[in-house]
Each structure stands twice: as C-alpha cells, then as structure tokens.
Amino acid sequence: MKCFNCGKEIEDEYFKCLDNFMQTQYFEYEDERDNIFCSKECFCDFLELEEIESDDDEL
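Now for a look at the structure at hand.

Rules behind the numbers
- Residues numbered from 1 in each chain as written.
- Predicted model: local features only at pLDDT ≥ 70, side-chain atom pairs only at ≥ 80, totals over all residues.
- Heavy atoms only, no water.
- Core = buried A, V, L, I, M, F, W, Y, C linked by side-chain atoms within 4.5 Å.
- Buried < 20%, exposed > 50% of the residue type's maximum accessible area, 1.4 Å probe, protein only.
- Contact = heavy atoms within 4.5 Å.
- Phe/Tyr/Trp six-rings, centres within 6.5 Å; stacked < 30°, edge-to-face > 60°.
- Helix = DSSP H or I, 4+ residues; strand = E, 2+ residues; numbered from the N terminus.
- Polar contact = N/O pair within 3.5 Å; in protein donor to acceptor, adjacent residues only side chain to side chain.

**Considerations on the nonpolar core**
Step number 1: In this structure, Cys3, Ile10, Cys17, Phe27, Ile36, Phe37, Cys42 and Phe43 together form the largest nonpolar core, which totals eight residues.
Step number 2: In contact with Ile10, other than residues within four places in its own chain, are Met1, Lys2, Cys3, Ile36, Phe37 and Cys38.

Take a look at the structure:
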C-alpha cells in the first residue's frame, strides 16, 4: 500500500477518511487505494487544509 497523497510506502498503520460525504466526493467507492494516507498531515495536505491565525480586527 502507498499513501495516496505522497506515495510513501505504508507498512503498518494508515489513515482513512470515514466521512460518507467526503468519500463520495473525493474518493472512488470501488477502489479504496485512493483513501489511504500515511499521516493526518498528508490527509490535510490532500484537502489543502491550512491553519490560519485570525486577527482580532477580522472578526
């Protein structure tokens, strides 16, 4: 198995998205190889999730 985002070979533990909506939108249902990630960070990179610090002026 390989991480879908970075291609790293996965030997033991891995991460999967279990959210039904996201599975239907981002991953093929028949082939679960595109829903395997080596880390939480790789999953966040795949979804382009980024932490942003808010300024008090913006709220």
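**What about the packing of aromatic side chains?**
Step number 1: Following the criterion strictly, the structure yields five aromatic pairs and no others.
Step number 2: For the ring pair Phe37 and Phe43, a centre distance of 5.1 Å and an interplane angle of 70 degrees mean the geometry is edge-to-face.
Step number 3: Residue Phe37 is classed as buried on the basis of its relative accessible area, which comes to 0%.
Step number 4: Ring centres 5.4 Å apart and planes at 50 degrees place the aromatic pair Phe37 and Phe46 in the tilted group.
Step number 5: Following the ring pairs from residue to residue traces out a cluster consisting of Phe4, Phe27, Phe37, Phe43 and Phe46.

**Concerning the side chain of Asn35**
Step number 1: Looking at the secondary structure, you find Asn35 in the loop between helix H1 (20–26) and helix H2 (40–46).
Step number 2: Judged by its relative accessible area of 5%, Asn35 is buried.
Step number 3: Here the side chain of Asn35 touches Cys17 through a polar contact of 2.8 Å, landing on its backbone nitrogen.
Step number 4: Not counting residues within four places of it along the chain, the set of residues in contact with Asn35 comprises Phe15, Lys16, Cys17, Gln23 and Phe27.

**Some remarks on the environment of Glu9**
Step number 1: Relative to the helices and strands, Glu9 is located in the segment before H1.
Step number 2: Put simply, Glu9 and Cys38 are 29 residues apart on the chain and 8.1 Å apart in space, counted from C-alpha to C-alpha.
Step number 3: Leaving out residues up to four positions away in the same chain, Glu9 has contacts with Met1 and Lys2.

Such coordinate-based values are descriptive only and should not be taken to indicate function.
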